[in-house]
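# Chains, contacts and geometry: an overview
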Amino acid sequence: MPPIKKQTHALYSLCFQDDPAFTDAYFKHLYAPQQNVAILRKGEAVSALQLIPTAIRISNHTQGVATSYISGVCTHPSYRGKGLMHILMERTLRKLYKKGDCFATLIPANERLFNSYASSGFTRCFDYSVEIITIPSSAIQSTTSITSVSVSSDFSRWSYDPIEVSPETLTYTWIQKNRELISEYYIDERRNYQGYQYGFTNFWNLLLDDMKLYGGECCQAITPDHLLVGSAICYPQKGYVMIYALTADSPKIRKELIRQVSMHYQTPEIHIITEPEERLNILPLGMARIVNADQLLQQYVMHHPQLETAFTLSDPIIPENNQTYILSGDGRLIHATYPASLVNIEQPTQAVLG
């Protein structure tokens, strides 16, 4: 019988039919035996998923609470419709509770699966919009010197201290291997500036392989003293360029980064994945679920001491969460023996993550 990793790899390939090169990269960077959850039938993996350790910020003053991103959820076609996904999710959530994670997150592969995951207590939390910008042809024809420079590895200022600098003083360069980790750190910190975002380290290794496979590049804006103040991860498409992650220390730098991308690809139409905006279409992306309510609320009340509320939580999968919680309004979390307003697990997840 093949080892479980080989079985899971074959199951993933059967269910998702991704580019084999991408699937190989996925299992190279994101698979680990202790992070794999599988259901076996006759010794074979027929349903499986991977848990990617990450963190979600619950305020601008924390490094994030322990979270697992659930990835690669799949069931063999011969075993679908038998309730295996729900069993797999129950096992996973119990595992994460014992591990001490505050949240579990995932991105459904299609719209139909939103309802399926909702049956396990997940609720839609992460939305996005697509901003479409057309750059005038006169701006694309402009030229700016693009050179290779080194970047400072001093990360201390990046947490919550954007730099105000004129875009004309910056150097715009395209990513090279010695700047991979710096770009990762910058993107995580800047995207987290307003809170409630998350990222996971191993993902960046997969992203770099993905960029090599499918022609992705990263444009970076760098100050004269070698500080990174902007980054755009780009994938050229037919007729336009998609920017999947655009981060900048100021709106002016953001605008110039977009122009630099348009110049680089000689393409006027730029599509940008952004935070959800009412003026644009808001599209569903991911879901989340509180796993360990006590762990989460203990940390949440520390950073939001002014909150005052009481509720009794109902969680059919993790009964340890079924308690009455009082946020006292003075930074304390109290466990009461009497009932309060009954809420399901989705409600506090939405309240904390918006």
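This text goes with the structure placed above it.
Summarised in this report is the structure supplied together with it. Please read all numbers here as calculations on a predicted model, not as lab measurements.

### Description of the overall build of the chain
The number of helices and strands found in the chain is 10 helices and 16 strands. The buried share of the chain, taken over its 354 residues, is 50%. Counting only contacts in the chain whose residues sit at least 6 apart along the sequence, the fraction spanning at least 24 positions is 72%. When the accessible area of the chain is evaluated, it comes to approximately 17000 Å², of which 52% is carbon and sulfur surface.

### Looking at the state of the cysteines
This model, assessed by the stated rule, comprises zero disulfides. This cysteine, Cys-219, is not joined by any disulfide, and Cys-234 carries the nearest cysteine sulfur, 6.6 Å off. With relative accessibility at 1%, the residue Cys-219 sits in the buried group.

### Describing the pairing of strand 1 (residues 36–41)
Bridge count for strand 1 against strand 2 (residues 44–56) is six bridges, and the pairing is antiparallel. Note on strand 2: the bridge partner recorded for Leu-40 is Ala-45. Between strand 1 and strand 2, which pair antiparallel in sequence order, lie two residues; one of them, Lys-42, sits at a positive phi of approximately 55°.

### Some remarks on unusual backbone geometry
The phi angle at Gln-17 is positive, at roughly 55°, despite the residue not being glycine. Position of Gln-17 among the secondary structure elements: in the loop between helix 1 (4–16) and helix 2 (20–29).

### A word on the pairing of strand 10 (residues 240–248)
Within strand 10, seven of the nine residues are buried, which leaves it mostly tucked inside the rest of the structure. Relative to strand 10, strand 9 (residues 228–237) runs antiparallel, the two being bridged by eight bridges. Among the inter-strand pairings, Ala-232 is bridged to a residue of strand 10, identified as Leu-246. Summarising the sheet, strand 10 and strand 11 (residues 269–274) pair through three bridges and their orientation is parallel.

### Some thoughts on helix 8 (residues 251–265)
Taking 1.5 Å per residue, 15 residues should reach 21 Å; helix 8 reaches 22 Å between its end C-alpha atoms and fits that length. All of the buried residues in helix 8 are Ile-253, Glu-256, Leu-257, Ile-258, Arg-259, Gln-260, Val-261, Ser-262, Met-263 and Tyr-265. Once helix 8 ends, the next one or two residues include Gln-266, with phi positive near 50°.

### Examining the environment of Pro-348
Along the chain, the position of Pro-348 falls in helix 10 (residues 346–353). Once the C-alpha coordinates of Pro-348 and Phe-311 are considered, the two residues, 37 residues apart in sequence, prove to be 9.5 Å apart. Apart from residues no more than four positions distant in its own chain, Pro-348 is found in contact with Ile-290, Leu-313 and Val-343.

### Description of the sheet that holds strand 16 (residues 342–344)
Read across the open sheet, the four strands follow the order 15-14-13-16; overall the sheet is mixed. With partners counted over all chains shown, the strands left at the sheet margins are strand 15 (333–336) and strand 16, one partner each. When strand polarity is set aside, the average angle formed by the axes of neighbouring strands in this sheet is 40°. When strand 14 (residues 324–328) meets strand 15, the two strands line up antiparallel, connected through four bridges. Each bridged residue has a counterpart across the sheet, and for Thr-324 the counterpart in strand 15 is Ala-336.

### Considering helix 1
Over its 13 residues, helix 1 runs 18 Å from end to end, which matches the ideal 18 Å to within 8%, given 1.5 Å per residue. What helix 1 keeps buried is the set Gln-7, Thr-8, Leu-11, Tyr-12 and Cys-15. Buried positions in helix 1, seen along its axis, are confined to an arc of 135° and lie on one side of it. On its buried side, helix 1 packs onto helix 2, strand 1, strand 2 and strand 3 (65–75). Among the residues trailing helix 1, Gln-17 stands out with phi positive, at a value near 55°.

Parameters and conventions
- Residues numbered from 1 in each chain as written.
- Predicted model: local features only at pLDDT ≥ 70, side-chain atom pairs only at ≥ 80, totals over all residues.
- Heavy atoms only, no water.
- Helix = DSSP H or I, 4+ residues; strand = E, 2+ residues; numbered from the N terminus.
- Buried < 20%, exposed > 50% of the residue type's maximum accessible area, 1.4 Å probe, protein only.
- Contact = heavy atoms within 4.5 Å.
- Areas by Shrake-Rupley, 256 points an atom, 1.4 Å probe, with all protein chains shown as cover.
- Disulfide = S-S within 2.5 Å.
- Pairing = 2+ DSSP bridges.
- Expected span 1.5 Å × (residues − 1).
- Axes fitted to C-alpha atoms, helices over the stretch in contact; angles between N-to-C directions.
- Arc of directions from axis to C-beta.

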